[in-house]
Amino acid sequence: MKFFFAMLSLAVFAATSSSDTTAVTIHVIGDSTLCTYASSAYPQTGWGQELAVFFDTSKVKVNNVAIGGRSSKTFYTDGRLASLKSSVKAGDFIVIQFGHNDRYFGTNARQVPVDSFAYYLQIYIDSAKSWGATPVLVSPMVMNAWKGATLRNVFTEQDYRGVMKTLADKDGIPFLDLNMKSWNQYSSYGQAYITRFLFKFFLAGEYPNYTADTTNDATTHFQEAGSVGHVKMLKEEMDGKSALTALTSALKTMHTLTVSANISTTGLITKSEDLPEGVPVTVRVIPGSGETFKFWVDGNCNEVSEAQIYYGSKMPDAATTYTAIFANGSACVTTSGTSVPIASIVWAQSSSSVAGSSSSAIESSSAKAASWTGFASIIDMANPDSGKGWTETNHTGYTGAGFYNIANEMGSAAYYSFVSTQSASDASIAIRYSNGDAVSRPMTISSDGFSYTFEFPSTGSWDAWDTAYATGVWLDAVPFSFVIQSTSSDGGPNIDFVAFSVAGVSRALKETELLQKPPVEGFALNLSQSLVNVPQAGLCTFRVFDALGHQVFMETHPIAAGSSILNFRAKALQAGSYFAELLFNGKIVLYKSWNIQR
Ligand code: GCU
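Criteria and cut-off values
Residues numbered from 1 in each chain as written. Predicted model: local features only at pLDDT ≥ 70, side-chain atom pairs only at ≥ 80, totals over all residues. Heavy atoms only, no water. Core = buried A, V, L, I, M, F, W, Y, C linked by side-chain atoms within 4.5 Å. Buried < 20%, exposed > 50% of the residue type's maximum accessible area, 1.4 Å probe, protein only. Helix = DSSP H or I, 4+ residues; strand = E, 2+ residues; numbered from the N terminus. Domains from an automatic or database assignment. Contact = heavy atoms within 4.5 Å. Right-handed = clockwise from strand over helix to strand, strands pointing away. Pairing = 2+ DSSP bridges. Axes fitted to C-alpha atoms, helices over the stretch in contact; angles between N-to-C directions. Parallel < 35°, antiparallel > 145°, perpendicular 65-115°, else oblique. Left-handed = near helix turned anticlockwise from the far one by under 90°. Nonpolar A, V, L, I, M, F, W, Y, C, P; charged D, E, K, R; others polar. Salt bridge = Lys/Arg side-chain N within 4 Å of Asp/Glu carboxyl O. Near = heavy atom within 4 Å. Polar contact = N/O pair within 3.5 Å; in protein donor to acceptor, adjacent residues only side chain to side chain. Areas by Shrake-Rupley, 256 points an atom, 1.4 Å probe, with all protein chains shown as cover.

1. Quick word on the nonpolar core
Here's step 1: Of all hydrophobic cores here, the largest spans 54 residues; its most connected members are Trp47, Phe55, Tyr186, Leu247 and Trp296.
Here's step 2: Take this core: its biggest share by element is five residues, from helix H9 (residues 224-238).
Here's step 3: Counting the residues that make up this core, at least three belong to each of domain 1 (24-252) and domain 2 (255-344).
Here's step 4: Not counting the four nearest positions on each side in its chain, Trp47 is found in contact with Val28, Thr33, Leu34, Val95, Gln97, Val138, Met141, Leu178, Ser227, His230, Val231 and Leu234.

2. Looking at the pairing of strand E4 (residues 134-138)
Here's step 1: Most of E4 is tucked away: four of the five residues are buried.
Here's step 2: Taking the sense of rotation as the criterion, the β-α-β connection linking strand E3 (residues 93-96), helix H4 (residues 117-130) and E4 turns out right-handed.
Here's step 3: The pairing of E4 with strand E7 (residues 175-176) spans two bridges and is parallel. Bridge assignment links Leu137 to a residue of E7, and that residue is Phe175.

3. Comments concerning the packing of helix H7 (residues 178-189) against H9
Here's step 1: Contact pair H7 / H9: the axes reach a minimum separation of 10 Å and the direction vectors enclose 120°. By the angle class used here, H7 and H9 are oblique. As H7 packs across H9, the resulting crossing turns out to be right-handed. Between H7 and H9, the contacting residues are Leu178, Lys181, Ser182, Gln185 and Tyr186 on the first element and His230, Met233, Leu234, Glu236 and Glu237 on the second.
Here's step 2: Considering only residue class, the contact of H7 with H9 consists of four nonpolar, three polar and three charged.

4. Remarks on the pattern of salt bridges
Here's step 1: Applying the stated criterion across every chain, the model contains 17 salt bridges.
Here's step 2: Asp171 is paired through a salt bridge with Lys170; the nearest N and O atoms lie 2.7 Å apart.
Here's step 3: Judged by relative accessible area, which is 16%, Asp171 ranks as buried.
Here's step 4: By relative accessible area, Lys170 is classed as exposed at 59%.
Here's step 5: With a closest N to O distance of 2.7 Å, Asp496 and Arg432 form a salt bridge. In this pair, Asp496 sits in strand E29 (residues 494-500) while Arg432 sits in strand E24 (residues 424-434), placing the two residues 64 residues apart along the sequence. As far as the burial class goes, Asp496 and Arg432 line up, both buried.
Here's step 6: In this structure, a network of salt bridges that share partners links the residues Arg70, Asp78 and Arg80.

5. Remarks on the site of the ligand
Here's step 1: The environment of the ligand is made up of His395, Asn405, Asn408, Arg441, Trp462 and Asn494.
Here's step 2: Here an oxygen atom of the ligand sits 3.1 Å away from a polar atom, N or O, in the side chain of Asn408.
Here's step 3: The separation between an oxygen atom of the ligand and a polar side-chain atom of Arg441 is 2.9 Å.
Here's step 4: Within the complex, the protein chains bury 73% of what would otherwise be the 310 Å² of accessible surface of the ligand.

6. Describing the environment of Ser58
Here's step 1: Relative to the helices and strands, Ser58 resides in the loop between strand E1 (24-29) and strand E2 (60-64).
Here's step 2: Ser58 sits in the partly exposed class, given a relative accessible area of 28%.
Here's step 3: The spatial distance from the C-alpha of Ser58 to the C-alpha of Val24 is 9.0 Å, given a sequence separation of 34 residues.
Here's step 4: A polar side-chain atom of Ser58 sits 2.8 Å from a polar atom in the side chain of Asp56.

Below, the structure is given as structure tokens:
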């Protein structure tokens, strides 16, 4: 057991030191096609804002300093290159994409004639090298500009791409040809698809941030899927370049997102592609004439959304399937090959896989320790969001910032907000604790979908630590509460950390940090008429997330078997895009995207 704990402490320290000393940073320099946008512009994004999620973030960080309206000249004359210097360390990468605002018409001081482009780029290259960083040139992606059926390439018409390539070759630095990659892909996808699915073209009401038709900015700027696509092109261009091994070796595994329909649609549908875990996913259909779209289903043929644009979810760490179900189409076929008639697709069909609460899954620490080599996610419990007790450091052997000493009274509790980027139907939880009392200090550990009773037997001294486990825990890739509560008047043990067997579980931001704007008066979410039918008694949770995946509402109620009317409290929400989720005993049984407008 001692050996086992030593390894855990080591894992905590290793994680800290690797992010501080061994992570490299990609500094992203460029214009509005790369920069980071506020959530009020969603789904407009720049590729610099989608870059980090492609990497193991303990190894690669992203510092996106791109800014709209700048050319290679004005980014420099603004002093923005100079001010980057203090954040660059040796071994970092400086990725530079210009061209859109450099295009020369002699009408604006920012414009840079193509024969002066190399002059400015050279300043970036020389600065990066003098700071010990690797400069990387990225040619500008094409614009959505067509000559008849042929996609123009405005960056080879005036050859900004050629200047970049020549310069990169001369200086022996990496050149990522986003220009040619995007020209090839967009030519094959066609004008309709790239305009509606990749560039910034929104009809009124398609996204709540755009209440009027927004069609006048569809030649240059991008929506989220377009910018994610650019990072994928950059990833392909990075492959095999030895100067970029520190980056390519830290790229996450890609998984296939399969998107299809149950008819052969003459409309448009999101193309299947490979994506890494955590990337925002949008699947979308625009039905062809005479076609009637009904809803999207997942790989189990469960309905996930009735919206033609289904967005806001993140790619899980596994292959994923979405199928657009149209009226008069063929039956849905699950990824395991079962055919499900369309008429029988309802949200509550999967009662057989409902996960129940249990305390029988608890195993003694000694039984489990031998087979465990570590935990992917370790969370310090010293500072709960709130609780009845104290954060302390007055005993030896703890890890992290200390431990939480839960008050010695029946029902004393500590509350935490966690978020998982991964789902798991069989996760394990370990809680490291100390109990210097002679008797056990039992507590319930509960979340939205599970509740376990842990005994926490004596560890013999307040300086000695042991670990208690629960297995078979259902985790969803969403924010969730985590509550530890004593069930005896002795209160609880001292709690050091909780560890999850899956990667990607961490503390969540507090709700107050997420709602940046005041709620809009006059709108209230009231689900009092929502009727649910469940096969057994359990806990029903309703959660609402904003477009960026932040939880803005959550409430849990016990419900009886059979039909019940849910009575959640009303909650005012600001205008925007939301995703509402209903969980029964931890399993998502209903998931819908949902727009609230003023
Ligand atoms: C002692 C010990 C604390 C512990 C407490 C308890 O005071 O120093 O760390 O929390 O007992 O009984 O819970």
